[in-house]
There are 4 protein chains.
Amino acid sequence: MFFERIYEKGLAQASYIIGCQATKEAIVIDPKRDIDTYLQIAERENLGITHITETHIHADFLSGTLELAKATGAKIYLSDEGGNDWQYQFQHIGLKENDSIKVGNLKLQVIYTPGHTPEHISFLLTDTPASAKPVMIFTGDFVFVGDVGRPDLLEKAAGIEGTMVEGARQMFKSLKKFKSLPDYIQVWPGHGAGSACGKALGAVPGSTVGYEKLSNWAMKIEDEKHFINTLLEGQPEPPKYFAKMKKLNKTGSKIIGIPQHPKKISVDDFRKDLNENFQIVDTRDKLSFAGGHIKGSLNIQDNNSFSTWAGWMLDYNKPVVLIASDHRANFLQRALIRIGMDNLEGYIPDIEKLEVSGIKMEILNQIGTEELNNQSSEYRVIDVRSYTEFDQAHIPDSVNIHAGYFEKYINEINPDEKLVIYCTSGDRSAIAASFLLKKGYKNVFNLSGGINAWVQAGYKIEKESKVELGITTG
Amino acid sequence: MFFERIYEKGLAQASYIIGCQATKEAIVIDPKRDIDTYLQIAERENLGITHITETHIHADFLSGTLELAKATGAKIYLSDEGGNDWQYQFQHIGLKENDSIKVGNLKLQVIYTPGHTPEHISFLLTDTPASAKPVMIFTGDFVFVGDVGRPDLLEKAAGIEGTMVEGARQMFKSLKKFKSLPDYIQVWPGHGAGSACGKALGAVPGSTVGYEKLSNWAMKIEDEKHFINTLLEGQPEPPKYFAKMKKLNKTGSKIIGIPQHPKKISVDDFRKDLNENFQIVDTRDKLSFAGGHIKGSLNIQDNNSFSTWAGWMLDYNKPVVLIASDHRANFLQRALIRIGMDNLEGYIPDIEKLEVSGIKMEILNQIGTEELNNQSSEYRVIDVRSYTEFDQAHIPDSVNIHAGYFEKYINEINPDEKLVIYCTSGDRSAIAASFLLKKGYKNVFNLSGGINAWVQAGYKIEKESKVELGITTG
Amino acid sequence: MFFERIYEKGLAQASYIIGCQATKEAIVIDPKRDIDTYLQIAERENLGITHITETHIHADFLSGTLELAKATGAKIYLSDEGGNDWQYQFQHIGLKENDSIKVGNLKLQVIYTPGHTPEHISFLLTDTPASAKPVMIFTGDFVFVGDVGRPDLLEKAAGIEGTMVEGARQMFKSLKKFKSLPDYIQVWPGHGAGSACGKALGAVPGSTVGYEKLSNWAMKIEDEKHFINTLLEGQPEPPKYFAKMKKLNKTGSKIIGIPQHPKKISVDDFRKDLNENFQIVDTRDKLSFAGGHIKGSLNIQDNNSFSTWAGWMLDYNKPVVLIASDHRANFLQRALIRIGMDNLEGYIPDIEKLEVSGIKMEILNQIGTEELNNQSSEYRVIDVRSYTEFDQAHIPDSVNIHAGYFEKYINEINPDEKLVIYCTSGDRSAIAASFLLKKGYKNVFNLSGGINAWVQAGYKIEKESKVELGITTG
Amino acid sequence: MFFERIYEKGLAQASYIIGCQATKEAIVIDPKRDIDTYLQIAERENLGITHITETHIHADFLSGTLELAKATGAKIYLSDEGGNDWQYQFQHIGLKENDSIKVGNLKLQVIYTPGHTPEHISFLLTDTPASAKPVMIFTGDFVFVGDVGRPDLLEKAAGIEGTMVEGARQMFKSLKKFKSLPDYIQVWPGHGAGSACGKALGAVPGSTVGYEKLSNWAMKIEDEKHFINTLLEGQPEPPKYFAKMKKLNKTGSKIIGIPQHPKKISVDDFRKDLNENFQIVDTRDKLSFAGGHIKGSLNIQDNNSFSTWAGWMLDYNKPVVLIASDHRANFLQRALIRIGMDNLEGYIPDIEKLEVSGIKMEILNQIGTEELNNQSSEYRVIDVRSYTEFDQAHIPDSVNIHAGYFEKYINEINPDEKLVIYCTSGDRSAIAASFLLKKGYKNVFNLSGGINAWVQAGYKIEKESKVELGITTG
């Protein structure tokens, strides 16, 4: 048996390719959309991709199932569980509880495990030449290392009311199934640390049924109500783009092929009114953006969170222009494509040429921790982290508005105040602050080094919080 | 907890780095000698390497423990079990059964698991913040996925008589310990498929205690004698260099630092008598070598078996000259260094310049399957694979001499016969055939495509074998 | 003024980009077909390509004029001299003697310089801000460093009879014009050493009018008849593809855009009868080809002569499959495109996979100089270099057939003889020998190291030659 | 004859390698210090470097002569002209007027051409197989394309008084020699556009004697006094490090070998007081520096002027720490080594890690053109370009202090004023402004886009200037 885990850091997402070396067949579970990764592995291992499956309709990335099927001719196997509202709307071979997929000498048995979503299934893999007993389970967003999938996404992200508690109840039931599996089975989930699909995901890639029973908080609560309350409590804010992913993954995403290098936009092509028609995303580091950027551009840095923040902040209907170097443009294009953002107009590699050609550079003010501490009464301080982070520790007198909610709560932010924006180390606050600049705010300051630097400097923090008008305050 | 498996394909060897993110400490288990791999991971993950350990005195590669300790200042923890003959002879903190190493909030408990070697230990890891129960075990060459370590290396490779059966007996006992562990524990061994340290290693990187109990042949035999016989039966021939590794790893290997790019040897520098003073290793593909090579050079191709075959065929006391391209020279140097072969003189990137300058190119004859089948009586056919492969299927009337034993059995090979050399697909036979050319044999033919092509063409094969004069015949 | 010479080694061809930094305009003279080179230079230098011109209708490569005009919108300026038969048949601004092109503050004055071709023009460049006097002349295939263009190509390559002597006469006249230019003018020709467009091109990139008058053989002959005889004497054989280039460059070549990475052909896609429908070009080094290659493939090595030999040996109407590595495939595709060979089917990176899968590998015999010398009577020896090289020195009793003429003279080559093929160092003989194998010849031997190795070994050579039946003999 | 010009953009410096293909010997003229460039060319062309020479004792870069001689064993040929004060103080073969160097069939005849320096020689090259007449002249810093070398460096940079006028007088005389050469000779100078060794160097790499006579201003002045005045007028400020180069090139520079990758400095290694012991050079782009930098660091951007500005601004006696990415660190190290700055301590690739770890980031204020225009009375405006640039056009009421003289004139700059610093586009002003911040100035503003953006916006400029107190004012 061949087994490889493919981990996409920007989505904290794991897909799997498993192959039978005897028959040279292979299956991919939960492919991402830039599918050349799988084609290359298959070629290297002398395998053909003949089967594709998914654990559920994903919310956090656009599935590569159709793309990969197009490229390989592989058959598509998808859940037909979950009821009428949760049926995939493109051609596939339907899977129900206890069905199984045969891939050469390998057998993947379907276990229906709703909770995260109504149609969610898991796959219990048996490597028949080695043993008649199963060797591992692929749990998708059902069981993670140290956590379980959140059942509130449909309600919070897709706006389908009433599904949250029902999902939690299903999860409780599905976990009983999980706990009944033999302890020794390896567990390979769909996400690692950093995904918004669970709240406490561990950094170790895989686990076992037995160890999760010992260490996973969700396995230890025997009372259903207590479980439901605990599960729904403290879930991170779901990114805005999840609703769109959900829909596209159900109806079938567009086939785009292997992405080519994006178009470079020359200084001459760049018109001063470009930001009327396009969204400019400045992917440089936050210090560079602070030092000078094009008016109206958003500072979403080129790091592991790029896909997620693009999903939070950008409009799917407006073409995107990236400020990015030649050698990163292709990668960033992929990061957009993975969440279905296919409308990249091009990229601008050299912002300094724009400056000299007369395009005005805006700056983003920064404020040091010392200055803020000394003159805190002059500033309105906004913490843009998640409310759970805020709840644990925040700068005194700050309010909490998650960076992704700035559009929603813009009216609560007074343009006449001097605003200090902060997060852990300054990355998310750069996004939020650039959003305010785009909206025409003038007195915006990014806290240099974030609350990390504040703590390092020994200044006071507070711990309690209360929510008022949709905004959390200390 | 941070966990990463580092897999060196050329040795089929796994090392591990495990870190405590809270205290930023990390431990490396069984480091290979080119240690920059670990330094880079630690830097990326913001960890410091503070502890280094080994499961046992390795035979198949030179340990990077001293090298890594020098570069990081980390403390060295090594087995003090196994008796006087198996004590590491350089400074370390000694480990005995039930001792444990603390790495921040992580605890590695020592389990004494002799069998593969007398001093062999395993590490049961507990991630204390997650659970008080252990999460995984690092088994080194004790338990592999689907196999166990071989106890015959000391006797066969290092020549220490009588240790083979005693080792098998210890292994039987150690396995009892293993079987008493909870089923759910993850098992991370020191080798993957392709290593000469076991005979049936699986291609899946890790396993669990419970699954091994179900699927691993060695766990299923309850009778000690039967176990010992089965374990010792059919073990592959241990590479010649194992004896040297064993000794160096016990006494302590030389510190060499991060390898720099090796010296390029120009045509002018190359003298016709270079192969008097040096060993020339031609790492080009076998077709290129067949088409023309320097007289006296050995054809060890640049593939995943390079380290192993270098260890089989080369003399540690003679400087090596590689025929290799500029962009592979550094990698191949590392492949040599990993087995302690530090005396690389340099490399020659362009063999055609030598040809034009008057250095005579030798060719290696090739023979097609059809021709051999038609005129088989004219040739003496030698199978250079392991005797187990030979036993399963071979060309009729062929004899089996493992490629690594050609030096030993050279007198059994008649230079006056027309010799056809073959293996699975032609790689090992190229090594063996080039060895014969080096020894002055004239009538040497490599079977194009090996037994694979023979089988594809539909020619007859045989299955039984008998051993005579140290040589296996059909 | 900005000035850059772009030298394409595979064609020994020089193109030029000259720009006016004040107005940011630039002109390209004699562009090659893979035009991204020019786009990149223009971008780097902050110039726009606004003008494109050619010195003449090229025979040795496909012009990139239309391609570049499409990509940039630049205007095309071409010679309208030379009479009805030599008019470009696509839209352009016509140029006649004394016309000039203005590129910002630069002026390129047209000088009509027929001889190499009837429509050939040169450009006298004046950098008006620096001086009212011209600074350099772009001579295309009129005057080279140390040589002049050959007037025999139309007759020999394109089959237009009677043009050879007339061309030589025009060249004599054009040179008078050249000699009347001021000595100090820099001369930038269209070719460097190694082109088939002249016979004695120097290795220094540029020259001056005065120095050419001193050192160029063609400037020193005052008698017209003597000049014509000398010029026509000893010209190298023109590659077969020149006729096609000539035609396409006159009528206008196809626009193909920037070439993408070619298609990789997997082992499975490769069928045994592929060489029925395709031409397989094995671009590996000659030793690799000799060691094992696909039956029917031609060995045109990946070196500076690849384009030229592809033009000699390949059929424009049959799709091409390359044996080439992943990282060279794109470059080789360009080398084909430069001579208008656009029908690349794909490439096969790993020929050894084919061998194991049962595709029979053929070998190309090699013979050492010593063996040939000892048993020369047994072999028919064919020298495949140009007849001038043969005339200077050859192996005794060899006959000369230029490698590019093997198809033409195939009937003169006896398949029943043992044939030794040689050239300078074995590259061209590998092409010719592989051609014979493709035609079904069995007894073909490539002389290892060529005549270079023969001379190094101290064996006898001969110098005189006579021509018989279209074949030159010693 | 083989000929290649090696152009080092960061110094605008040209060196040459010329080889005789018949004897495989080659000479290098004016090598730079990172000599692997020459070794690679020689290897590629199958030549050995057997001779090394220089046109004069360089002031703008550290010569690679000794380094190259060490690596190749080549003989060193140097000028013995110029009198006692200008004798090279290390072993060499002395050259005087009319001596010649033979490199195989090539002959380089020495012409004594003082003016730029007292010992300056040029080389008239004859390619004897092509013609008995010379083909080209290597003029070093004597004659450039469109200009001549400046004779004032010794006085201005090395402080040797009275040499300026004497040098100009020698230059006048040497030019007479040059003008007597045949027009057709190619001229290959030691610098291209952008060097501080001449004032009006053209962008075309080479020229001819005849064309220079027509177009070079210096050739056209027949009156000695007029010539001297014109030559000395308007020379750019010589970089501060020239004096040191001069001395080292005379006495012999240290052999350092091929530079290895510099040391990476981790966040942990970085101590807050690092800038007490080291000079921190932040090579990021100016916007990044403006957005946040380490207190006390200088912003010398990684562009073609890096070497020169490092030479202006840095202290040779203090170790340097670079802020630079992993993939640029090696290049920047070379840029330092080329001017003899060998004391690189290491580099810091990730400044944001420092920010989070509590190192305070300083910002550099920027001011837009509109704001400056509206409130110009509030600011003291300093132009940091050369005085000739200032003289041509500057912002009204600005004063001119060359960025390289800030240390010298620091007392003239009032720390209590709000200072706006500008240059052409903001690069040099970033250097000067960062210097002021380092000195503790608080109210420093960099003009975004420089005078280019000012002009683009249509604001008023002034043209006249007067000098007062060593500072030029409008």
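Just so you know, these numbers come straight off a predicted model, no measurement behind them.

Colleague: Would you explain the relation of the copies chain D and chain B in this entry?
Modeller: Taken together, a rotation about one axis and a shift along it account for how the two chain copies relate. For the pair chain D and chain B, the superposition axis carries a translation of 0.1 Å, the fit reaches an RMSD of 0.0 Å, and the rotation angle comes to 180°. Within this description, the copies of the chain are treated as partners about a two-fold rotation axis. Taking C-alpha positions as the reference, the residue of chain D nearest the rotation axis is Gln260 of chain D, at 4.6 Å. Mapped onto chain B, 100% of the interface residues of chain D are again interface residues, and the two copies thus contact each other with one and the same surface.

Colleague: How should I be thinking about the confidence of the model for chain A in this particular structure?
Modeller: Detailed reading of predicted coordinates is not advised where the pLDDT is low. For chain A, the mean per-residue pLDDT works out to 91, and 95% of the residues sit at or above 70. Mean pLDDT values over the elements of chain A span from 53, in strand E26 (residues 471–473) of chain A, up to 98, in strand E10 (residues 136–140) of chain A.

Colleague: So what exactly am I meant to see when it comes to the pairing of strand E2 (residues 13–20) of chain A here?
Modeller: Every regular strand shows the same layout, with side chains that alternate between the two sheet faces. Residues and elements named next belong to chain A. For E2, the buried fraction is high: eight of the eight residues fall into the buried class. Of the two faces of E2, the one carrying Gln13, Ser15, Ile17 and Gly19 and the one carrying Ala14, Tyr16, Ile18 and Cys20 are both buried. Looking at chain direction, strand E1 (residues 2–8) and E2 are connected through seven bridges and run antiparallel. Residue pairing in the sheet places Phe3 in a bridge with Ile18 of E2. In this structure, E2 lies alongside strand E3 (residues 25–29), joined through five bridges in antiparallel fashion. Following the sheet pairing, Ile17 is matched in E3 by Val28. Taking the residues that link successive antiparallel strands as the turn, the E2-E3 hairpin has four residues, and the phi of Lys24 there is positive, at about 65°.

Colleague: I tried to follow the pattern of salt bridges on my own but got confused; where do I start?
Modeller: Two side chains bearing opposite charge may form a pair once their charged atoms approach each other closely. Residue and element names in this part refer to chain B. Taken as a whole and assessed by the stated rule, the structure comprises 112 salt bridges over all chains. With its nearest N and O atoms 2.5 Å apart, the salt bridge here joins Arg334 to Asp36. Of this pair, Arg334 sits in helix H12 (residues 326–337) while Asp36 sits in helix H1 (residues 36–44), and the two are 298 residues apart along the sequence. The class of Arg334 is buried, set by a relative accessible area of 14%. The salt bridge partner of Asp183 is Lys213, with a shortest N-O separation of 2.7 Å.

Colleague: Hey, could you run me through the interface of chain D and chain B in this one?
Modeller: Facing four residues of chain D, the contacting portion of chain B comprises four residues. Carbon and sulfur atoms supply 24% of the area that chain D and chain B bury against each other, a total of about 360 Å² over both sides. Taken together, the connections running from chain D to chain B amount to two salt bridges. Where chain D touches chain B, the interface holds two residue pairs in polar contact (both at pLDDT 80 or more). Broken down by class, the residue content of the side of chain D that touches chain B amounts to no nonpolar, one polar and three charged.

Colleague: Explain the packing of helix H11 (residues 306–313) of chain C against helix H12 (residues 326–337) of chain C here, please?
Modeller: A pair of packed helices can be characterised by two numbers: the angle between their axes and the separation between those axes. All names here are of chain C. Their axes nearest at 9 Å, the elements H11 and H12 cross at an angle of 55°. In terms of axis orientation, H11 runs oblique to H12. Every pair of crossing elements has a handedness; the one defined by H11 and H12 is right-handed. In contact with Phe306, Ser307 and Ala310 of H11, H12 contributes Leu332, Ala335 and Leu336. When its residues are assigned to classes, the contact of H11 with H12 shows five nonpolar, one polar and no charged.

Colleague: Just checking my understanding: could you explain the packing of helix H4 (residues 163–179) of chain A against helix H7 (residues 224–232) of chain A for this structure?
Modeller: All names here are of chain A. Running from N to C, H4 and H7 point in directions that differ by 120°, and their axes come no closer than 9 Å. In terms of their interaxial angle, H4 and H7 are classed as oblique. The way H4 lies across H7 gives a crossing that is right-handed. Listed contacts from H7 to Met164, Val165, Ala168, Arg169, Met171, Phe172 and Leu175 of H4 are Glu224, Phe227, Ile228, Leu231 and Leu232. Taken together, the residues that form the contact of H4 with H7 break down as ten nonpolar, no polar and two charged.

Colleague: Looking at this structure, I do not really get empty space enclosed by the protein. What am I missing?
Modeller: Any empty space left between atoms is shown by rolling a water-sized probe over those atoms. For the structure shown, the criterion picks out 18 cavities of 30 Å³ or more. Volume-wise, the largest cavity comes out at about 70 Å³. Contributing to the lining of the largest cavity are Ala290, Gly291, Ile363, Leu364, Asn365 and Gln366 of chain B together with Ala290, Gly291, Ile363, Leu364, Asn365 and Gln366 of chain C.

Colleague: What exactly am I supposed to notice about the pairing of strand E3 (residues 25–29) of chain D here?
Modeller: With four of five residues buried, E3 of chain D is to be regarded as a mostly interior element. You can see the chain leave E3 of chain D, run along helix H1 (residues 36–45) of chain D and come back into strand E4 (residues 48–53) of chain D, and the turn it takes is right-handed.

Colleague: Can you walk me through the packing of aromatic side chains in this structure?
Modeller: Two numbers describe a pair of aromatic rings. These are the distance of the centres and the angle of the planes. Within this structure, the stated rule accounts for 64 aromatic pairs over all chains. Ring centres of Trp309 of chain C and Trp312 of chain C lie 5.9 Å apart, and the angle between their planes is 25°; on these two criteria the pair is classed as stacked. Taken together, the residues Trp309 of chain C and Trp312 of chain C, both in helix H11 and three residues apart, mark about one turn of the helix. Residues Trp309 of chain C and Trp312 of chain C agree in their burial class; the two are buried. Grouping aromatic residues by their ring pairs yields a cluster made of Phe3, Tyr16, Phe138 and Trp188 of chain A. Across the ring face of Tyr316 of chain B, the terminal group of Lys244 of chain B is positioned such that the distance to the ring centre comes to 5.0 Å. Against the face of Phe331 of chain D rests Arg338 of chain D, its NZ or CZ located 5.7 Å from the ring centre.

Definitions and cut-offs
- Residues numbered from 1 in each chain as written.
- Chains lettered and ligands numbered in written order.
- Predicted model: local features only at pLDDT ≥ 70, side-chain atom pairs only at ≥ 80, totals over all residues.
- Heavy atoms only, no water.
- Least-squares fit on C-alpha atoms with pLDDT ≥ 70 in both.
- Contact = heavy atoms within 4.5 Å.
- pLDDT = per-residue confidence, 0-100.
- Helix = DSSP H or I, 4+ residues; strand = E, 2+ residues; numbered from the N terminus.
- Buried < 20%, exposed > 50% of the residue type's maximum accessible area, 1.4 Å probe, protein only.
- Pairing = 2+ DSSP bridges.
- Salt bridge = Lys/Arg side-chain N within 4 Å of Asp/Glu carboxyl O.
- Buried area = accessible area lost by both parts, 1.4 Å probe.
- Polar contact = N/O pair within 3.5 Å; in protein donor to acceptor, adjacent residues only side chain to side chain.
- Nonpolar A, V, L, I, M, F, W, Y, C, P; charged D, E, K, R; others polar.
- Axes fitted to C-alpha atoms, helices over the stretch in contact; angles between N-to-C directions.
- Parallel < 35°, antiparallel > 145°, perpendicular 65-115°, else oblique.
- Left-handed = near helix turned anticlockwise from the far one by under 90°.
- 1 Å grid on protein atoms, 1.4 Å probe; cavity = no way out; pocket = protein on both sides within 12 Å on 5 of 7 lines; lining within 4 Å.
- Points joined across faces, edges and corners; volume = space filled by probe spheres on them.
- Right-handed = clockwise from strand over helix to strand, strands pointing away.
- Phe/Tyr/Trp six-rings, centres within 6.5 Å; stacked < 30°, edge-to-face > 60°.
- Lys NZ or Arg CZ within 6 Å of the ring centre and 35° of its normal.

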